[in-house]
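Descriptive structure summary
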Amino acid sequence: MKKILVTGGLGFIGSHTVVELQNEGFEVVIIDDLSNSSLKVIDGITAITGKAPIFEKLDMKDQRALIDFFQRHDDISGVIHFAASKAVGESVQKPLHYYENNLNTLVYILKAVLGLQTSNIIFSSSCTVYGQADKMPITESAPIKPAESPYGNTKQIGEEIIKDVCKVENELKAIALRYFNPIGAHTSAKIGELPIGVPQNLVPFITQTAAGLRESLSVFGDDYPTPDGTCIRDYIHVVDLAKAHVVALKRLIANKNSSNFETFNIGTGVGSSVLEVIQSFERVSNQSLNYQFAPKREGDVISAYADTHKANSDLGWKAESTLDDAMKSAWDWEKKIRNL
Ligand code: WQD
């Protein structure tokens, strides 16, 4: 049984990926500093798969601790690297925290991966690297625009770091997955998104409003140049996204990669407006949502949705869930954690 390290494996996307790795027969080791996650997530993963992942609390900024970890786990076949800070707004206020936590740790994990028998890494990147792309849908060859936030910059620089290392370290094989908008939760409602404080993202704000935790949803902007005036995004079910990581990892382990650094857009290929997401929620929950229009949010792009042809053909992966499926799973999870 191949052993896979998942950094940040107790987080939203990480935990769903651990489940899919275990479902595929991999042995999973999680390291997480618990700064934005909870140990309870291990129980949720175990309840779903019947297998408890190995867990070690570890702050990856501590290079000594990371070296020690790899000395004890020198049989790792691949690493999926999620561990990073990811709040766009917070990154503007705390740039040094973001550069240290997202980039120093990437350098340390790359050094460690190069010391393994097989050096395979999947990097958690983001559609944020495209900024406001000129053409929809967005392909992997769309130009990388100047980052709109330190968070987005760490994803761009992270990809550059990996690309530069791959140029000189032939044994390193890397795939960057550029996520669009991950939403929803495992259909079992045993794991899901656990936003700390007031949610910045649309879908958890919707479900918390419906659950009575928030007064109402503010829709940021109603006069964008889009069919209904609200911004368009590519909302992908987190389980579909998790499965993309497993497929990408298998590609590297089987040496099926066409170059030692590849990027893939991971989305549904469908753009949905904020109002369409609200309508989807109202359909699946059979209740109306309290919302009002508010001023545009700084830094928001008008539209971003993926051209997924490369992932469909090279990875043999395609998102299977619809927006309604994802919104229903998000609502089921919210009701579960609020005992509704
Ligand atoms: C979606 C749409 C908002 C909240 C972010 C990160 C990106 C990625 C996904 C990590 C926008 C509108 C939102 C609200 C609203 N994260 N909105 N009211 O900004 O597309 O992407 O999360 O990789 O890097 O930037 O997601 O959910 O914040 O916003 O109207 O209360 O919903 O204006 O149009 P975003 P989001």
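Right above here is the structure, for reference.
What this report covers is the structure whose coordinates are included nearby. (Residues numbered from 1 in each chain as written. Predicted model: local features only at pLDDT ≥ 70, side-chain atom pairs only at ≥ 80, totals over all residues. Heavy atoms only, no water.)

Comments concerning the nonpolar core
Note on soluble globular proteins: their nonpolar side chains tend to be buried together. If you look at the biggest cluster of nonpolar residues, it comprises 36 residues, and the most contacted ones within it are Leu-21, Ile-45, Ile-122, Leu-177, Ile-266 and Trp-317. Secondary structure elements with two or more residues in this core: β1 (3-7), α1 (12-23), β2 (27-32), α2 (40-49), β6 (172-179), α8 (238-253), β11 (261-266) and α10 (309-315). The element best represented in this core is α8, accounting for 8 residues. Beyond its immediate chain neighbours, meaning those up to four positions away, Ile-266 contacts Leu-177, Arg-178, Tyr-179, Phe-180, Ile-236, Leu-241, Ala-244, Ala-311, Leu-315 and Trp-317. Counting residues in hydrophobic clusters, the runner-up holds 28 residues, among them Val-29, Ile-31, Phe-69 and Ala-112. (Core = buried A, V, L, I, M, F, W, Y, C linked by side-chain atoms within 4.5 Å. Buried < 20%, exposed > 50% of the residue type's maximum accessible area, 1.4 Å probe, protein only. Helix = DSSP H or I, 4+ residues; strand = E, 2+ residues; numbered from the N terminus. Contact = heavy atoms within 4.5 Å.)

What about the environment of Glu-27?
Looking at the secondary structure, you find Glu-27 in strand β2. C-alpha of Glu-27 to C-alpha of Ala-112: the two residues are 85 residues apart in sequence and 19 Å apart in space. Apart from residues no more than four positions distant in its own chain, Glu-27 is found in contact with Met-1, Lys-2, Lys-3, Ile-4 and Ile-54.

Considerations on the packing of α1 against α8
Packing of α1 against α8 brings their axes to within 8 Å, and their N-to-C directions diverge by 60°. Regarding the angle of α1 to α8, the classification is oblique. Like other packed secondary-structure pairs, α1 and α8 cross with a definite hand, here right-handed. Two secondary-structure elements touch here, α1 through Phe-12, Ile-13, His-16, Thr-17, Glu-20 and Leu-21 and α8 through Val-238, Val-239, Leu-241, Ala-242, Lys-243, His-245, Val-246 and Leu-249. Per-class residue counts for the contact of α1 with α8 are 9 nonpolar, 3 polar and 2 charged. (Axes fitted to C-alpha atoms, helices over the stretch in contact; angles between N-to-C directions. Parallel < 35°, antiparallel > 145°, perpendicular 65-115°, else oblique. Left-handed = near helix turned anticlockwise from the far one by under 90°. Nonpolar A, V, L, I, M, F, W, Y, C, P; charged D, E, K, R; others polar.)

What to know about the site of the ligand
Not every one of the 18 residues close to the ligand is listed here, only the nearest: Thr-128, Tyr-151, Leu-202, Arg-233 and Asp-300. Side-chain polar atom of Asp-300 to an oxygen atom of the ligand: 2.6 Å apart, as the coordinates give it. Compared with its free state, where it exposes 690 Å², the ligand has 90% of that area covered by protein. For the shell around the ligand, the element with the most residues is strand β8 (residues 217-220), which contributes 4 residues. Mapped onto the domain boundaries, the shell around the ligand takes at least three residues apiece from domain 1 (3-183 + 236-266) and domain 2 (202-233 + 269-305 + 318-337). (Near = heavy atom within 4 Å. Polar contact = N/O pair within 3.5 Å; in protein donor to acceptor, adjacent residues only side chain to side chain. Areas by Shrake-Rupley, 256 points an atom, 1.4 Å probe, with all protein chains shown as cover. Domains from an automatic or database assignment.)

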